[in-house]
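Remarks on the overall topology
Listed here are the chains, written in short residue letters.
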Amino acid sequence: QVQLVESGGGLVQAGGSLRLSCAASGRTFSSYTMGWFRQAPRKEREFVATISSRGSVSYTDSVKGRFTISRDNAKNTVYLQMISLKSEDTATYYCTAKFGLLSVRVGDYEYWGRGTQVTVSS
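Residues numbered from 1 in each chain as written. Predicted model: local features only at pLDDT ≥ 70, side-chain atom pairs only at ≥ 80, totals over all residues. Heavy atoms only, no water.

What follows concerns the sheet that holds strand S1 (residues 4-7). Pairing within the open sheet is antiparallel, and its four strands lie in the order S1-S3-S8-S7. Looking at strand neighbours, the two that pair on one side only are S1 and strand S7 (67-72), the edges of this open sheet. Direction aside, the axes of adjacent strands within the sheet are offset by 15° on average. Bridge analysis of S1 against strand S3 (residues 18-24) gives four bridges, and the strand direction is antiparallel. Note on S3: the bridge partner recorded for valine 5 is alanine 23. (Pairing = 2+ DSSP bridges. Helix = DSSP H or I, 4+ residues; strand = E, 2+ residues; numbered from the N terminus. Axes fitted to C-alpha atoms, helices over the stretch in contact; angles between N-to-C directions.)

Pasting the structure below:
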């Protein structure tokens, strides 16, 4: 059983930055693959970024060069640093976790936070 709690969302102007955090419970955090997905109104939940237990990362094309996923195992926390934000980034952002290999498939992730809202004005 893993609990995930996101924070750091809010309102930001286009071109601005936000840093999302996800605090995880559990004593095996360092063994998890962690990810961020987002969901806009009337759209499916989509992959944003993921980081493996070994530090391997993957991003969706639309955020490459702007978003950075990282983790601090000592704090049981994963981060998503977002810069140069665009209106298209507006969505609820969800933190997620799984055991095993990296994945960009929503169905592969086992644990989910409740989300944090990011709204980018233009």
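To continue, consider the state of the cysteines. Inspection of every chain in the model, using the stated rule, returns one disulfide. The residue that forms a disulfide with cysteine 22 is cysteine 95, at a sulfur-sulfur distance of 2.0 Å. The disulfide joining cysteine 22 to cysteine 95 has a torsion of about -80° about its S-S bond and is therefore left-handed. Here cysteine 22 is found in strand S3, whereas its partner cysteine 95 is found in strand S9 (residues 91-99), with 73 residues between them in sequence. (Disulfide = S-S within 2.5 Å.)

Scanning the model with the defined rule gives four salt bridges in all. A salt bridge links glutamate 46 to arginine 38; the nearest nitrogen and oxygen atoms lie 2.7 Å apart. The exposure class assigned to glutamate 46 is partly exposed, which follows from its relative accessible area of 31%. With a closest N to O distance of 2.9 Å, aspartate 61 and lysine 64 form a salt bridge. For aspartate 61, a relative accessible area of 60% translates into the label exposed. Among the ionic contacts, a cluster of salt bridges with common partners joins Arg38, Glu46, Arg66 and Asp89. (Salt bridge = Lys/Arg side-chain N within 4 Å of Asp/Glu carboxyl O. Buried < 20%, exposed > 50% of the residue type's maximum accessible area, 1.4 Å probe, protein only.)

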